[in-house]
Amino acid sequence: MSMAVVGMIAGMALGFAGYFGGFGAFLLVAALGAVGFVVGRFVEGDLELGDLFHTRGDRRDRRR
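What you are looking at is a predicted structure, and each value in this text was computed from that prediction instead of being measured. (Residues numbered from 1 in each chain as written. Predicted model: local features only at pLDDT ≥ 70, side-chain atom pairs only at ≥ 80, totals over all residues. Heavy atoms only, no water.)

**A word on the overall build of the protein chain**
Threshold: Here a helix means four or more residues in a row that DSSP labels H or I, a strand means two or more in a row labelled E, and each is numbered from the N terminus. We call a residue buried when its accessible area falls under 20% of the maximum for its residue type, exposed when it is over 50%, and partly exposed in between, using a 1.4 Å probe and counting protein chains only. Working definition of accessibility: Shrake-Rupley area with a 1.4 Å probe, residue cover restricted to the visible protein chains.
Per the secondary structure count, the protein chain includes three helices and zero strands. The helix and strand sequence of the protein chain, counted from the amino end, reads α-α-α. Taking all 64 residues of the protein chain together, the buried fraction comes to 2%. With an accessible surface of roughly 5500 Å², the protein chain has 67% of that area assigned to carbon and sulfur atoms.

**As for a nonpolar patch on the surface**
Let me state the cut-off plainly: Each patch groups residues whose relative accessible area exceeds 30% and which form no salt bridge, using 9 Å between like charges and 5 Å between nonpolar side chains of Val, Leu, Ile, Met, Phe, Trp and Tyr. Salt bridge, as applied in this entry: a Lys or Arg side-chain nitrogen positioned within 4 Å of an Asp or Glu carboxyl oxygen.
There is a patch of nonpolar side chains on the surface, built from Met-1, Met-3, Val-5, Val-6, Met-8, Ile-9, Met-12, Phe-16, Tyr-19 and Phe-20 and spanning about 1200 Å² of accessible area. Among the structural elements, Met-8 can be located in helix 1 (residues 3-44).

**Some words on helix 1**
Which entries qualify depends on this criterion: Given the number of residues in a helix, its expected span is that number minus one, multiplied by 1.5 Å. A residue's bend is given by the angle between axes fitted to the 7 residues ending at it and the 7 residues starting at it.
Given a rise of 1.5 Å per residue, 42 residues ought to cover 62 Å, yet the end C-alpha atoms of helix 1 are separated by just 16 Å, more than 12% below that figure. Of all the bends found along helix 1, the most pronounced is centred on Gly-21 and spans about 145°. Gly-45 sits one or two positions beyond helix 1 and adopts a positive phi of about 90°.

**Brief notes about the confidence of the model for the protein chain**
Condition: Each residue carries a pLDDT score, the predictor's confidence in it, ranging from 0 to 100.
On average, residues of the protein chain carry a pLDDT of 80, and 84% of them reach 70 or more. Across the protein chain, element-level confidence peaks in helix 1 with a mean pLDDT of 86 and bottoms out in helix 3 (residues 56-63) with 58.

Here it is in structure tokens:
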């Protein structure tokens, strides 16, 4: 499935949530979609848990 189709499905889900459930439902669907995206990347191995929890010193050291 292409990224355009995935984006279209996500947009439609947010649109339905906003139309039928209001702005609160829209925010809930968007937040859960973001959590699902991060979990999916973690399960696929594209993201490590340590990448999410670095201190400022760690970030500066990685840029060098």
